[in-house]
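# Chains, contacts and geometry: an overview
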Amino acid sequence: MFGRKKKDASQAESPAPDETTPVAADDPAPDGAAAEPATGPFDESQVDGLGGRIDLGGIWLRPVQGMEVRLEVEQATEKVSAVQVSIDDATAQLQAFAAPRTSGIWDEIRGEIAEMIETNRGTVEEATGPFGTELRTRLPQPGADGRTVFAPAIFVGVDGPRWFLRAVYSGRAAVDEGARRALDAAVADSVVVRGADPMAPREMLPLRMPEAAS
């Protein structure tokens, strides 16, 4: 299932649902089709076409049974800013960025994320996950009664050839390894399309609604 939701720029790290419009998509692959050990994400040059994945522009994603995919849209520009993948109550937000040809940027970005969260009175712990070093965090958010609550989130980064993919896990995926596993498989089976155009490091790769959707 696909949806489209809008968000303000200030919600980029942990967006809340706003407006969702379901659209048509190809039939999903059978349940468990993407549940192989983490071997990706892949560069476009490493795969032979879409291979059943959905073309979202800078990211190709293979759907599996029970998966919902929503595209987050900036209200000011109407541009797609992120892909959100959900299975039950587990969610991962995906964004891909340009990176330098000679080095990765996850080490640098990881430090900046940790500093930002700690400055805002959150907590950060480095750990090793399926894709390498990740940040397991608790982000301060206003609760329903006006008090501050701390929502768990896991930041994952993957350095590729001239690109960087970031995944932010939330909901059950941030606290339950079993719930996260299916999302790990979706991330590992994804493809990043950097393109040949010159881009500044950290410039987000363009995302779009799939052509098959209406």
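Below or above, wherever it landed, is the structure these notes cover. (Residues numbered from 1 in each chain as written. Predicted model: local features only at pLDDT ≥ 70, side-chain atom pairs only at ≥ 80, totals over all residues. Heavy atoms only, no water.)

## Structural notes on the sheet that holds strand S3 (residues 54-55)
- Within the open sheet, the four strands sit side by side as S2-S12-S4-S3. Their pairing is mixed. Only two strands of the sheet have a single neighbouring strand rather than two, namely strand S2 (42-43) and S3.
- The pairing of strand S4 (residues 59-61) with strand S12 (residues 191-192) spans two bridges and is antiparallel. Bridged to Trp60 within S12 is Val191. (Pairing = 2+ DSSP bridges. Helix = DSSP H or I, 4+ residues; strand = E, 2+ residues; numbered from the N terminus.)

## Thoughts on the pattern of salt bridges
- Scanning all chains against the criterion turns up twelve salt bridges.
- Asp189 is the partner of Arg62 in a salt bridge, and the nearest nitrogen-oxygen pair spans 2.4 Å. Here Arg62 is found in the loop between S4 and strand S5 (67-74), whereas its partner Asp189 is found in the loop between helix H2 (177-188) and S12, with 127 residues between them in sequence.
- Between Glu112 and Arg202 there is a salt bridge whose closest N-O contact spans 2.7 Å. You can see Glu112 sitting in helix H1 (residues 106-119) and its partner Arg202 sitting in the segment after S12, a full 90 residues away along the chain.
- You can call Arg202 partly exposed: its relative accessible area is 34%. (Salt bridge = Lys/Arg side-chain N within 4 Å of Asp/Glu carboxyl O. Buried < 20%, exposed > 50% of the residue type's maximum accessible area, 1.4 Å probe, protein only.)

## Observations regarding H1
- With 14 residues, H1 should reach 20 Å at 1.5 Å per residue; the first-to-last C-alpha distance of 20 Å fits that figure.
- For H1, the complete set of buried residues consists of Trp106, Ile109, Arg110, Ile113, Ala114 and Ile117. Relative to the axis of H1, the buried residues are bounded by an arc of 140° and lie together on one face. Exposed residues on H1 whose side chains face more than 90 degrees from its buried face are Asp107, Glu115 and Thr119.
- In the core, the buried residues of H1 are packed alongside strand S8 (123-129), strand S9 (132-142), strand S10 (148-160) and strand S11 (163-171).
- Backbone geometry just after H1 places Arg121 at a positive phi near 70°. (Expected span 1.5 Å × (residues − 1). Arc of directions from axis to C-beta. Contact = heavy atoms within 4.5 Å.)

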